[in-house]
Amino acid sequence: MTKEEFLQFLRDPEVCKEIFAIVKKGGKPATPAQPQVVAAPQIQPTPQFVQPAALKVQPTPQPVQPAAPKVQPTPQPTKPEATKGSGSLADKLKFLRGHLDKVREEEQIAATKVEEKTPAEKYTVISNRRCPICEKDTRVVKTKSRINVEKRDLDYCIHYKDFDPYLYTVLSCEHCGFAAEEKKFTGAWPNKLKETLREFLKQNDMKLPFVEERNVEDALSLFELAILFSEMTDQSKGRQAILNLNAAWVCRCEGFAERERDFMEQAAENFAVALENERWPINGISDDMATYLCAAIYFLINEYDKATNWLGRIMNNANLRSRAPKLFEQARDMWQDIKRANKA
Ligand SMILES: [Zn+2]
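Attention in this report is confined to the structure presented alongside it. This is a predicted model, so every value here is computed, not measured.

As for the overall build of the protein
Reasoning step 1: Looking only at helices and strands, the protein has 16 helices and six strands in total.
Reasoning step 2: In the protein, buried positions account for 34% of the 344 residues.
Reasoning step 3: For the protein, long-range pairs separated by at least 24 residues make up 60% of all intrachain contacts whose partners lie at least 6 apart in sequence.
Reasoning step 4: As displayed, the protein has an accessible area near 21700 Å², and 53% of this comes from carbon and sulfur atoms.

With respect to the coordination of the zinc ion
Reasoning step 1: Within the first shell, the zinc ion binds the protein through Cys-131 (SG), Cys-134 (SG), Cys-173 (SG) and Cys-176 (SG), at distances of 2.2 to 2.3 Å.
Reasoning step 2: For the zinc ion, the four donor atoms in the first shell make angles of 106 to 118° at the metal, a pattern classed as tetrahedral.
Reasoning step 3: Coordination of the zinc ion draws on donor residues from a single chain, spaced C-x2-C-x38-C-x2-C in sequence.
Reasoning step 4: Residue Cys-134 is classed as partly exposed on the basis of its relative accessible area, which comes to 22%.

Brief notes about the pairing of strand β3 (residues 149-152)
Reasoning step 1: Summarising the sheet, β3 and strand β4 (residues 158-160) pair through three bridges and their orientation is antiparallel. For Lys-151, the partnering residue across the bridge sits in β4 and is His-159.
Reasoning step 2: Once β3 ends, the chain turns through five residues before running back antiparallel as β4, passing Tyr-156 with a positive phi of about 75°.

Comments concerning the nonpolar core
Reasoning step 1: Ranked by size, the top nonpolar core spans 72 residues in total, and within it Ile-133, Phe-178, Leu-220, Leu-245 and Phe-271 carry the most contacts.
Reasoning step 2: Mapped onto the domain boundaries, this core takes at least three residues apiece from domain 2 (121-283) and domain 3 (286-344).
Reasoning step 3: When neighbours within four sequence positions are excluded, Leu-220 is seen to be in contact with Ala-247, Val-250, Cys-251, Arg-259 and Phe-263.

Structural notes on the pattern of salt bridges
In a structure, side chains of opposite charge can pair up when their charged atoms sit close to one another.
Reasoning step 1: Summed over all chains, the structure comprises 22 salt bridges.
Reasoning step 2: Two residues, Arg-259 and Glu-217, come together in a salt bridge whose shortest N-O distance is 2.9 Å. Taken together, the residues span a long stretch of sequence, with Arg-259 in helix α12 (residues 257-277) and Glu-217 in helix α10 (residues 216-232) at a distance of 42 residues.
Reasoning step 3: Take Arg-259: its relative accessible area is 31%, and that puts it in the partly exposed class.
Reasoning step 4: Of the charged contacts, one joins Arg-239 and Asp-234 as a salt bridge, the two residues approaching to 2.6 Å between their closest N and O atoms.
Reasoning step 5: Exposure remark for Arg-239: the relative accessible area of 4% places this residue in the buried category.
Reasoning step 6: Salt bridges linked by common partners bring Lys-151, Asp-153, Asp-155, Arg-252 and Glu-260 together as one network.

Section: the packing of helix α13 (residues 287-300) against helix α14 (residues 304-315)
Reasoning step 1: Contact pair α13 / α14: the axes reach a minimum separation of 7 Å and the direction vectors enclose 160°. One element, α13, and the other, α14, form an angle in the roughly antiparallel class. Crossing hand, α13 versus α14: left-handed. Between α13, through Thr-291, Tyr-292, Cys-294, Ala-295, Tyr-298 and Phe-299, and α14, the contact on the second element is made entirely by Tyr-304, Lys-306, Ala-307, Trp-310, Leu-311, Arg-313 and Ile-314.
Reasoning step 2: Residues of the contact of α13 with α14, tallied by class, amount to 10 nonpolar, one polar and two charged.

About the thresholds
- Residues numbered from 1 in each chain as written.
- Predicted model: local features only at pLDDT ≥ 70, side-chain atom pairs only at ≥ 80, totals over all residues.
- Heavy atoms only, no water.
- Helix = DSSP H or I, 4+ residues; strand = E, 2+ residues; numbered from the N terminus.
- Buried < 20%, exposed > 50% of the residue type's maximum accessible area, 1.4 Å probe, protein only.
- Contact = heavy atoms within 4.5 Å.
- Areas by Shrake-Rupley, 256 points an atom, 1.4 Å probe, with all protein chains shown as cover.
- Donors = N, O, S within 2.8 Å, 3.2 Å for Na, K, Ca; no water.
- Tetrahedral: all angles 85-135°; square planar, octahedral: opposite > 155°, others 65-115°.
- Pairing = 2+ DSSP bridges.
- Core = buried A, V, L, I, M, F, W, Y, C linked by side-chain atoms within 4.5 Å.
- Domains from an automatic or database assignment.
- Salt bridge = Lys/Arg side-chain N within 4 Å of Asp/Glu carboxyl O.
- Axes fitted to C-alpha atoms, helices over the stretch in contact; angles between N-to-C directions.
- Parallel < 35°, antiparallel > 145°, perpendicular 65-115°, else oblique.
- Left-handed = near helix turned anticlockwise from the far one by under 90°.
- Nonpolar A, V, L, I, M, F, W, Y, C, P; charged D, E, K, R; others polar.

Have a look at this one:
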């Protein structure tokens, strides 16, 4: 065998395999495969393949030796795999523990964030309503129902702990600027009134920017708008009375005494007109209740004569005691309060 033939012989994959097997066994020949190994060079007789390969590899028997290190690494991968297999469970557990710690940490952060929320963030939620005038969907701020009550006033104003939901009584459209209390905002509107308001809002930009957290000025501006739109459309003095009263409650809860008085007086005047001319109940308030509210409003702004006049209408109403016993009791209590106030 010439040198070239020998090199070609060595390059044959079958021969390489045999050599690896021999090296693996510590140098002992692999007996059964020998005849096939000899025949192997004849399987690949193409000279084109041999020659380029010969250029790459130096024609020395050394290629056999580099093959040896290749043999040794082969058992190595099996070892890491074995350790990897047994270690993967530990790794998985480690990962799960880490993941659980991370989840607990995130829960703690979320809990602290809830505590850090402002009252408005805690008690309000952004919702969507279809504007009855421009008929587009608009964001509105709604209050959540569970708010701790601190006390109730004679005119049904409720003081809540660390939050004033009356700031959000009026809903407004962020597109056209229409504003009304929820019942009116979501109620049906006759086309003629819609058209009137659409035209008006096109010519007069009444739009207030959408805010998630309202201050007193934001809220009072919206009450004023809602009252204006009522004057332009349904002209319901009953509705306007309730809007004025709610605006007064905002002023009271926030400590704006002078403005509260203005809204209270306006509310009482509107109630008086509505009791003469409108059909009750209006926004859940009966005519008995509206009569009582007139008395309460005048009592709270220290106009006792007017308050007494309105109380007289309740006390002299024979049916009211049986129809609305609680209201009758409240009126009687107020009567006693006025007597005491007059004496003082
Ligand atoms: Zn609108």
